[in-house]
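Secondary and tertiary structure notes
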Amino acid sequence: MASQKFARAELRKSPTGIPGLDDITNGGLPKGRPTLVSGGPGSGKTLLGISFLVNGAEQFAEPGVLLTFEENAAELAEDVRSLGYDLESLIARKKLIVDYIHVDRSEIEETGEYDLEGLFVRLDHAIAEIGAKRVMLDTIETLFGGLQDTGILRAELRRLFRWMRDRGVTSVVTAERGEQMFTRQGLEEYITDAVISLDHRVEEQISTRRIRIVKYRGSTHGTNEYPFLISRDGINVLPVTSLLLEHEAPQERVSSGLKDLDAMLGGKGYYRASTVLLSGTAGTGKTTLAAHFVNAACARGERCLYFLFEESPQQFLRNMRSAGIDLTAWVKQGLLRFHADRPNRHGLETHLLEMHKAVESQNPSVVVIDPITNLMAAGTENDVRAMLTRVIDYLKTRGVTALFTSLTTPAHDLEATEAMISSLMDSWVLVAITEENRKRNRWLYVLKSRGMPHSNDVRPFVIGDKGIQLLAVERPARTRKAGRKSR
Amino acid sequence: MSENYALKLYVAGQTPKAVRAFSNLRKICEEHLEGRYTIEVVDLIENPQLGRGDQILALPTLVRKLPTPIKKIIGDLSNTERVLVGLDLRPRRAS
């Protein structure tokens, strides 16, 4: 990506210090220029701006000025204290100035020509006082409610943004989302360097916050909507992964946990750091197959992290023990850890964050998500797909081999239902049950497995007291050779 | 009508608007408040920190400190009628 490197050299950036945001902006906000942050009430725009100022002052030796038209300084300090920001201490250490500008139309009579030089003087004075490099205006549109002459106001705002550019301060300007326009007063007309949109939606009773870089002149940036979280640690934009497909592609193979299945996968099993989908209807043995995989990984001394979205760890361990796979020893050794959660307990972005945290603390080489379909209940199809892309991207970057189980509803075509996620998967094993002669027969086949010759057999299997056992394929002798090894 | 008026006029340098506002103010005060007013001119270029106390944003701004409550009038004070309304020297008309 030569063009990207070129753009980076051209445009200097001011890091926000907000986890993830600096990744999707390729380094931060445009240095010495204003950035417009637009969003509805409670979308987190004030917090984003304050994080930018606080991190600037604490981490990047860039003092900041907050000019607020919204709340007074004491209320503001109170509000952000819960997020671990101590504004008063920053103010005392001369790293931050909070100037509160109160405008009330009922108190002001307008007669004749005026300008907003008072605002300029105050801002200039504050910047000079602490050598500020960063400025936040929150929310300057409030002025439209306080002053009658919008002609003057618009001309002065234009002058203000130009002045801030000349002054060389990096600024964040917050604005309310408008009905017709991007912001209520069309500020996007004045600030064209960078525009960030924040959104807080509730869909199917699950709330999700999202951030999108609408525009970033002269720089590459992530164009998606990224989920973000406001937690006790402030804002956290997910994922903390790259935008490009540039993971390592190891040649190393890992066993599926079953010799016979490995044989179907080019004789060696899955690729390390690849993604595997196990799909099938209820009760076909997906979890058992996953347990074999985990068992083999632990036996090699590798750490595993198992996300359970359907049953408790105790229930899972008991069920697997009855199928002849005893994983308790691995749990005791700390090689196998569980993370059980109800899918509908949080929004998707919280799940994503929880998963990140769990992966970071266990540092596994194998991750199982069982079943991924339950997680799909926690968001709309697009959201889930976006989230999965991030999970997969994240796991691949860490070199983790990931196995996802997916529950197929019998009414749907077995191969069609996973269309949404299957393209993200490197290998796809399908398990199913058919009824024949009043007997339920289990069988599995490898639907795809990228980068390896794999078997086209549909193999019957049984689950006995030693777990899953694949059975020989019964077929006419003549076709046996022809179907064996194709890609 | 015997109250004393303490007025503060905020400006930033000797701009045409500031000069206009001051002369308009003098004229209005002479006509309507003769002998019972004081005008203090605050230049924010010299004393930028003084802008905070009265929440100065627009310039010029005229602040009526006394009698209370505090009143603010912004602009070059060219509309005498509105200045008088703003200073409570004339009742506000329903427009």
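Computed from a predicted structure; not experimentally measured.

1. Section: the overall build of chain A
On a plain count of helices and strands, chain A comes out with 16 helices and 25 strands. Taking all 487 residues of chain A together, the buried fraction comes to 46%. Here the contacts in chain A between residues at least 6 apart in sequence split such that 72% fall between residues at least 24 apart.

2. Describing the overall build of chain B
In terms of helices and strands, chain B carries 2 helices and 4 strands. Secondary structure elements of chain B occur, N-terminal to C-terminal, as β-α-β-β-β-α. Across the 95 residues in chain B, those meeting the buried criterion constitute 36%. Excluding contacts between residues fewer than 6 apart, the proportion of contacts in chain B whose partners are at least 24 apart in sequence is 65%.

3. Describing the interface of chain A and chain B
Contacts between the two partners involve 21 residues from chain A, matched on the other side by 28 residues from chain B. Broken down by secondary-structure element, the contributors of at least two residues to the side of chain A that touches chain B are strand 6 (108–110) and helix 6 (117–130) of chain A. Top element by residues in the side of chain A that touches chain B is helix 6 of chain A. It accounts for 6 residues. For the side of chain A that touches chain B, the class distribution of residues is 8 nonpolar, 5 polar and 8 charged. Relative to strand 4 (residues 71–74) of chain B, strand 6 of chain A runs parallel, the two being bridged by 3 bridges. The partner of A:Ile108 across the bridge, within strand 4 of chain B, is B:Lys72.

4. Focus: the nonpolar core
Residues and elements named next belong to chain A. Grouped together as the largest cluster of nonpolar side chains are 85 residues, with contacts concentrated most on Val65, Val135 and Val173. Looking at this core element by element, the count peaks at 7 residues for helix 3 (residues 45–59). Once residues lying within four places of it in the same chain are set aside, the contact partners of valine 173 are Pro34, Leu36, Val37, Leu137, Ile140, Leu187 and Ile191. By size, the runner-up hydrophobic cluster in this structure holds 63 residues, among which are Val254, Phe316, Leu375 and Met376.

5. Examining the sheet that holds strand 1 (residues 5–11) of chain B
Within the open sheet, the 5 strands sit side by side as 6(A)-4(B)-3(B)-1(B)-2(B). Their pairing is mixed. Edge positions in the open sheet fall to strand 6 of chain A together with strand 2 (37–43) of chain B, since each of these has one partner strand only. Adjacent strand axes in the sheet meet at a mean angle of 20°, parallel and antiparallel pairs treated alike. Pairing analysis gives 4 bridges linking strand 3 (residues 61–66) of chain B to strand 4 of chain B, with the strands arranged antiparallel. Residue B:Arg64 lies in a different strand from strand 4 of chain B, and its bridge partner there is B:Lys71.

6. Description of the environment of A:Arg272
Following the sequence through the fold, A:Arg272 ends up in the loop between strand 14 (270–271) and strand 15 (275–280). Taking the C-alpha atoms as reference points, A:Arg272 and A:Arg253, separated by 19 residues in sequence, lie 5.3 Å from one another.

7. Things to note about the pairing of strand 3 of chain B
All names here are of chain B. Of the pairings in the sheet, the one linking strand 1 to strand 3 comprises 5 bridges and is antiparallel in character. Pairing of leucine 7 across the sheet is with arginine 64, part of strand 3. Following strand 3, the chain reverses through 4 residues before pairing antiparallel with strand 4.

8. Overview of the sheet that holds strand 20 (residues 427–436) of chain A
All names here are of chain A. If you trace the 9 strands from one edge of the open sheet to the other, you get 17-16-18-19-15-20-21-23-24, paired in mixed fashion. Of all the strands in the sheet, just strand 17 (336–340) and strand 24 (467–470) have a single pairing partner and so form its edges. Strand after strand, the sheet turns through a mean of 25° between neighbouring axes, direction not considered.

9. As for the confidence of the model for chain B
Chain-level pLDDT for chain B is 89 on average; 95% of the residues reach the 70-or-more range. Taken over the whole predicted complex, pTM reads 0.67, whereas the ipTM for its chain interfaces reads 0.90.

10. What to know about unusual backbone geometry
Residue A:Thr139 is bonded to the preceding A:Asp138 through a cis peptide linkage, with omega at -20°. The omega torsion of the bond from B:Leu66 to B:Pro67 falls at -10°, within 30 degrees of zero and hence cis. Even without being glycine, A:Lys94 reaches a positive phi, approximately 60°. If you trace the backbone, A:Lys94 turns up in the loop between helix 5 (87–92) and strand 5 (96–100). The backbone phi angle of B:Gln55 is positive, close to 55°, even though this residue is not glycine. Tracing the backbone through its elements, the reader meets B:Gln55 in the loop between strand 2 and strand 3.

11. With respect to helix 15 (residues 381–397) of chain A
All names here are of chain A. Helix length check: helix 15 (17 residues) gives 24 Å between terminal C-alpha atoms against 24 Å at 1.5 Å per residue, within 8%. All buried positions along helix 15 are accounted for by Asp383, Met387, Leu388, Arg390, Val391, Ile392, Tyr394, Leu395 and Lys396. Remark: glycine 399 follows helix 15 within two positions and exhibits a positive phi of approximately 75°.

12. Structural notes on the environment of A:Thr284
Residues and elements named next belong to chain A. As for its placement among the helices and strands, threonine 284 is situated in the loop between strand 15 and helix 10 (286–299). In this structure threonine 284 comes out as buried when scored by C-beta crowding, with 24 C-beta atoms within 10 Å. Threonine 284 has contacts with Val431, Ala432, Ile433 and Arg442, leaving out every residue within four places of it along the chain.

Rules behind the numbers
Residues numbered from 1 in each chain as written. Chains lettered and ligands numbered in written order. Predicted model: local features only at pLDDT ≥ 70, side-chain atom pairs only at ≥ 80, totals over all residues. Helix = DSSP H or I, 4+ residues; strand = E, 2+ residues; numbered from the N terminus. Buried ≥ 20, exposed ≤ 12 C-beta atoms within 10 Å, placed from the backbone. Contact = placed C-beta atoms within 7 Å. Nonpolar A, V, L, I, M, F, W, Y, C, P; charged D, E, K, R; others polar. Pairing = 2+ DSSP bridges. Core = buried A, V, L, I, M, F, W, Y, C linked by C-beta atoms within 7 Å. Axes fitted to C-alpha atoms, helices over the stretch in contact; angles between N-to-C directions. pLDDT = per-residue confidence, 0-100. Expected span 1.5 Å × (residues − 1).

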